[in-house]
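Below are the chains, spelled out letter by letter.
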Amino acid sequence: MKKEPFVTKEQLQEIVKQFPTPFHLYDEKGIRENAQAVKEAFSWNKGYREYFAVKANPNPFIIQILKEYGCGCDCSSLTELMLSDALGIRGEDIMFSSNETPPEEFRLADRLGAVINLDDITHIDFLEKTIGKIPETISCRYNPGGVYEVSNGIMDNPQDSKYGFTKEQLFEGYRILKQKGAKRFGLHSFLVSNTVTNDYYPVLAKTLFELAVEIKEKLGITISFINLSGGVGVAYKPEETPNDIRLIGEGVHKVFDEVLVPAGLGDTAIYTEMGRFMTGPYGCLVTTAVHEKHTYKEYIGVDACAANLMRPAMYGAYHHISVMGKEQAPCDHKYDIVGSLCENNDKFAIDRMLPKIEIGDFLVIHDTGAHGFAMGYNYNGRLWSAEVLLKEDGTPKLIRRAQTPKDYFATFDCFTILKDMKY
Ligand SMILES: *Cc1c(COP(=O)(O)O)cnc(C)c1O
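Being a predicted model, the structure only gives us computed values, none of them experimental. (Residues numbered from 1 in each chain as written. Predicted model: local features only at pLDDT ≥ 70, side-chain atom pairs only at ≥ 80, totals over all residues. Heavy atoms only, no water.)

Novice: Could you clarify how one ought to interpret the sheet that holds strand S3 (residues 72-75) in this entry?
Specialist: Two modes of strand pairing occur in sheets, parallel and antiparallel, and in both the strands are linked by backbone hydrogen bonds. Pairing is parallel in the closed barrel, where eight strands are placed in the order S2-S3-S4-S5-S6-S9-S10-S11. Put simply, the sheet's adjacent strands are angled 25° from each other on average, direction ignored. Where strand S6 (residues 137-141) and strand S9 (residues 184-188) come together, five bridges link them in parallel fashion. Across the sheet, the residue bridging to Cys 140 is Leu 187, located in S9. The strands touched by helix H7 (residues 167-179) are strand S5 (115-118), S6, S9 and strand S10 (223-227); relative to S9, the strand with the most contacts, the crossing angle is about 160°. (Pairing = 2+ DSSP bridges. Helix = DSSP H or I, 4+ residues; strand = E, 2+ residues; numbered from the N terminus. Axes fitted to C-alpha atoms, helices over the stretch in contact; angles between N-to-C directions. Contact = heavy atoms within 4.5 Å.)

Novice: Even after reading the chapter, I still don't get the confidence of the model for the protein, so can you show me in this structure?
Specialist: The predicted coordinates ought not to be read in detail in places where the model reports low pLDDT. For the protein, mean pLDDT is 97; residues scoring 70 or higher make up 100% of the total. In the model of the protein, helix H13 (residues 416-419) stands out as the element of lowest mean pLDDT, 77, in contrast to strand S1 (residues 23-27), which has the highest, 99. (pLDDT = per-residue confidence, 0-100.)

Novice: Please clarify how H7 should be interpreted in this entry.
Specialist: In an α-helix, one full turn covers 3.6 residues, which means residues spaced three or four apart are oriented alike. The first and last C-alpha atoms of H7 sit 19 Å apart over 13 residues, in line with the 18 Å expected at 1.5 Å per residue. Along H7, the positions that sit buried rather than exposed are Leu 170, Phe 171, Gly 173, Tyr 174, Ile 176 and Leu 177. Check the buried side of H7 and you find it contacts S5, helix H6 (122-131), S6, S9, helix H8 (200-219) and S10. At the exit of H7 stands Gly 181, carrying a positive phi of roughly 110°. (Expected span 1.5 Å × (residues − 1). Buried < 20%, exposed > 50% of the residue type's maximum accessible area, 1.4 Å probe, protein only.)

Novice: Can you help me understand the site of the ligand in this one?
Specialist: Close to the ligand lie 14 residues; Lys 55, Glu 273, Gly 275, Arg 276 and His 371 are nearest. At 3.1 Å from a nitrogen atom of the ligand is found a side-chain nitrogen or oxygen belonging to Asp 74. Between an oxygen atom of the ligand and a main-chain N or O atom of Gly 231, the distance comes to 3.2 Å. In the complex, 91% of the free accessible area of the ligand, which totals 380 Å², lies under the protein chains. Of all the cavities here, the one that holds the ligand is the largest pocket. (Near = heavy atom within 4 Å. Polar contact = N/O pair within 3.5 Å; in protein donor to acceptor, adjacent residues only side chain to side chain. Areas by Shrake-Rupley, 256 points an atom, 1.4 Å probe, with all protein chains shown as cover. 1 Å grid on protein atoms, 1.4 Å probe; cavity = no way out; pocket = protein on both sides within 12 Å on 5 of 7 lines; lining within 4 Å. Sits in = over half its atoms within 2 Å of the grid points.)

Novice: Help me out: how do you make sense of the packing of aromatic side chains in this one?
Specialist: The description of an aromatic ring pair rests on the distance of the ring centres and on the angle between the ring planes. Evaluation of the coordinates by the stated rule reveals 14 aromatic pairs. The interplanar angle of 75° and the centroid separation of 6.5 Å between the aromatic rings of Phe 42 and Tyr 201 together place this pair among those described as edge-to-face. In this pair, Phe 42 is assigned in the loop between helix H2 (28-41) and strand S2 (49-53) and Tyr 201 in helix H8, connecting sequence segments 159 residues apart. A single burial state applies to Phe 42 and to Tyr 201, both of which are buried. Clustering of aromatic rings is evident, with ring pairs tying together Phe 42, Trp 44, Tyr 48, Tyr 200, Tyr 201, Phe 209 and Phe 256. The aromatic ring of Tyr 51 is capped on one face by Arg 49, whose charged end is 5.9 Å from the ring centroid. Here Arg 141 stacks its cationic end above the ring of Tyr 163, 4.2 Å away from the centre of that ring. (Phe/Tyr/Trp six-rings, centres within 6.5 Å; stacked < 30°, edge-to-face > 60°. Lys NZ or Arg CZ within 6 Å of the ring centre and 35° of its normal.)

Novice: In this structure, what is going on with a nonpolar patch on the surface? I would like to understand it.
Specialist: Side chains of Phe 412, Phe 415 and Ile 417 sit close together on the surface and give an oily, nonpolar patch of about 320 Å² of accessible area. Assignment of secondary structure puts Ile 417 in helix H13. Residue classification places Ile 417 among the exposed residues on the basis of a relative accessible area of 64%. (Patch = residues over 30% accessible without salt bridge, like charges linked within 9 Å, V, L, I, M, F, W, Y side chains within 5 Å. Salt bridge = Lys/Arg side-chain N within 4 Å of Asp/Glu carboxyl O.)

Novice: How should I be thinking about the nonpolar core in this particular structure?
Specialist: Note on soluble globular proteins: their nonpolar side chains tend to be buried together. Membership of the largest hydrophobic core comes to 85 residues, with the highest contact counts inside it found for Phe 209 and Ile 226. For this core, the leading source of residues is H8, giving ten residues. The next biggest cluster of nonpolar side chains, apart from the first, holds 16 residues, and it includes Ala 289, Val 302, Ile 321 and Ile 365. (Core = buried A, V, L, I, M, F, W, Y, C linked by side-chain atoms within 4.5 Å.)

Novice: What is the right way to read the pattern of salt bridges from this model?
Specialist: Where charged atoms of side chains with opposite charge meet at close range, the side chains can pair. Per the counting criterion, the structure on display carries 26 salt bridges. Between Arg 32 and Glu 28 there is a salt bridge, with the nearest N and O atoms lying 2.9 Å from each other. Of the two residues, Arg 32 and Glu 28 are both situated in helix H2; the distance of four residues between them amounts to about one turn of the helix. Of the two residues, Arg 32 and Glu 28, neither departs from the other in class, the shared state being buried. Because the salt bridges share partners, they merge into one network encompassing Glu 28, Arg 32, Glu 68 and Glu 392.

Novice: What exactly am I supposed to notice about the layout of surface pockets here?
Specialist: It is a probe the size of a water molecule, rolled over the atoms, that shows where empty space is left. Approximately 640 Å³ is the volume found for the largest pocket. As for the largest pocket, its lining consists of 32 residues, and the residues nearest its centre are Lys 55, Arg 141, Tyr 163, Phe 190 and Ser 193. The residue inventory of the lining of the largest pocket, partitioned by class, reads eleven nonpolar, 14 polar and seven charged. Roughly 450 Å³ of internal volume is contained in the second largest pocket. Lining the second largest pocket are 24 residues, with Met 1, Lys 3, Pro 281, Tyr 282 and Asp 367 sitting closest to its centre. The class makeup of the residues in the lining of the second largest pocket is twelve nonpolar, five polar and seven charged. (Points joined across faces, edges and corners; volume = space filled by probe spheres on them. Nonpolar A, V, L, I, M, F, W, Y, C, P; charged D, E, K, R; others polar.)

Novice: Explain the pairing of strand S17 (residues 362-365) here, please?
Specialist: Within a regular strand, side chains alternate between the sheet's two faces. Neither face of S17 is left uncovered, since the one carrying Phe 362 and Val 364 and the one carrying Leu 363 and Ile 365 both have all their residues buried. When strand S12 (residues 283-294) meets S17, the two strands line up antiparallel, connected through four bridges. Bridge assignment links Val 286 to a residue of S17, and that residue is Val 364. Two strands pair when backbone bridges link them, and strand S14 (residues 321-323) and S17 are joined in this way by three bridges, in the antiparallel orientation. Bridge pairing in S17 links Ser 322 to Val 364.

In structure tokens, the structure reads:
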């Protein structure tokens, strides 16, 4: 599918008068339409709920939009819980799916009434010691081990993943939890990341639904909710076909009717914890070409760097790039598009065929709405960019200002000459 930016060059020329590049820009209209589609795709399930994975885009303005479509928050840390609390998202509207969890995080999760999703059997005792009880509602994360295959070669290795209970531990865990007073049980699993296929959720659902039936038969425990977690991917590459959430919802429905309904488990609620799919395609990193360099290769230096978007440097991830105003021009120049870090992996694209780039051109780096800004860091003293929401009426709204040197030095309580400096 041809990848088109959701913003025009003319709009960007207006936006940069207020907010200089680089910045992450989000498409409110896209986020809303997609959230509505997700809601409809699972509307067949009475208890359905999407818990947005806050780590993918921890911006309260974005989460507030998703909240309007009934989304809760999937949190994994203290500050994510605080963010959720600040938005009035509390109680069972929070799924706390963490791992290697510090005690104060379990304490806050419990105080907020969040659903706690345990990552390990040893956390049962740890939780009980920490909060003085086992909550009535509790969930466990399952890891089947081995290799998990979905379709057309898409798979992952749960065997090597640090998350979750083994099957044996899971049965033992539910038994202990019940004995300690738990009354409502959930089952969770996250087996493959960024799947670009409509089959992942239905295949995972079958695994978990069959397991829920087995748990009922062997332990007499009814699983009240099944959490398919994240992993629904986005089409980063133009040759990929985006997932169709309607088909995914129908696929899960079919397995639900085949496995859970005949077992008398037709009241089971389906939960999801999507991050990437909810916001990924509806964000982009807007950057300006500031240098060109001709050595053994052709380089375009931009004013963003891996500190603003880590995925290409960290995973070699592909992010599509549009040179704004040149959408129709032939891609007859081969470039490395690079940032300013003193790290040779600071490349947004390598050997990418693009139209001829002039200094001052805006480059739009696609699909940065999830795991984009969120993974930012401060290496080389590079500062975080701003985040701007492109509202439905086409006007921009600053939803997080850019970091300043003062912010960067703010934690030097003991070296006030930096903390309080003025330039
Ligand atoms: C990262 C994560 C998610 C979201 O994953 P996406 O691939 O962004 O959908 C959901 N649940 C848990 C527990 C996670 O760690």
